Amino acid sequence: MSIPGRRIKRTRLIQAEKYVVAVEVEMVVPVDDPEEPCYEAETVQFLREVKERAEQGDVAWLKKRGKVYAAMEAA
C-alpha cells in the first residue's frame with residue numbers, strides 16, 4: 001500500500017553490536033500531515049531486516065544494500 005505524498009530519500013544508520021550499516025530509504029511527506037515525514041510498511045520491514053542481518057553478521061547481504069562499518073570499542 002502506497003501513502004500519497006512527496007517522496008524524499010534519507011540515509012539511516014542501523015546499529016548492531018559489531019556493525020553499523022548506512023542504508024538509503026524513502027520517506028513520505030503525507031498530503032494529510034505534511035509536518036512529519038513517515039515510513040511506509042515496506043521500509044519499516046526493510047530496516048528491521050537490516051538490523052537482524054547485522055546482528056547475524058551477514059556482511060555479504062548488508063554490503064549489497066548499503067555501507068557497512070565495523071563497530072570498534074573505545075580505547
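Preceding block: the structure.
Residues numbered from 1 in each chain as written. Predicted model: local features only at pLDDT ≥ 70, side-chain atom pairs only at ≥ 80, totals over all residues. Heavy atoms only, no water.

Novice: An account of the side chain of Glu-40 is requested, with residue identities and associated values reported.
Specialist: Among the secondary structure elements, Glu-40 is positioned in the loop between β2 (19–30) and α1 (41–56). Of the residues examined, Glu-40 reaches a relative accessible area of 11% and is grouped as buried. One polar contact links Glu-40 to Arg-7, side chain to side chain, over a distance of 3.1 Å. (Helix = DSSP H or I, 4+ residues; strand = E, 2+ residues; numbered from the N terminus. Buried < 20%, exposed > 50% of the residue type's maximum accessible area, 1.4 Å probe, protein only. Polar contact = N/O pair within 3.5 Å; in protein donor to acceptor, adjacent residues only side chain to side chain.)

Novice: Can you lay out the sheet that holds β2 for me, pointing to particular residues and giving the numbers?
Specialist: Taken together, the three strands give an open sheet; going across it, the order is β1-β2-β3, and neighbouring strands pair in antiparallel fashion. At either end of the open sheet lies a strand with only one pairing partner, and these are β1 (5–15) and β3 (67–70). Within the sheet, the average angular offset between the axes of one strand and its neighbour, ignoring direction, is 30°. In terms of strand pairing, β2 meets β3 through four bridges, oriented antiparallel. (Pairing = 2+ DSSP bridges. Axes fitted to C-alpha atoms, helices over the stretch in contact; angles between N-to-C directions.)

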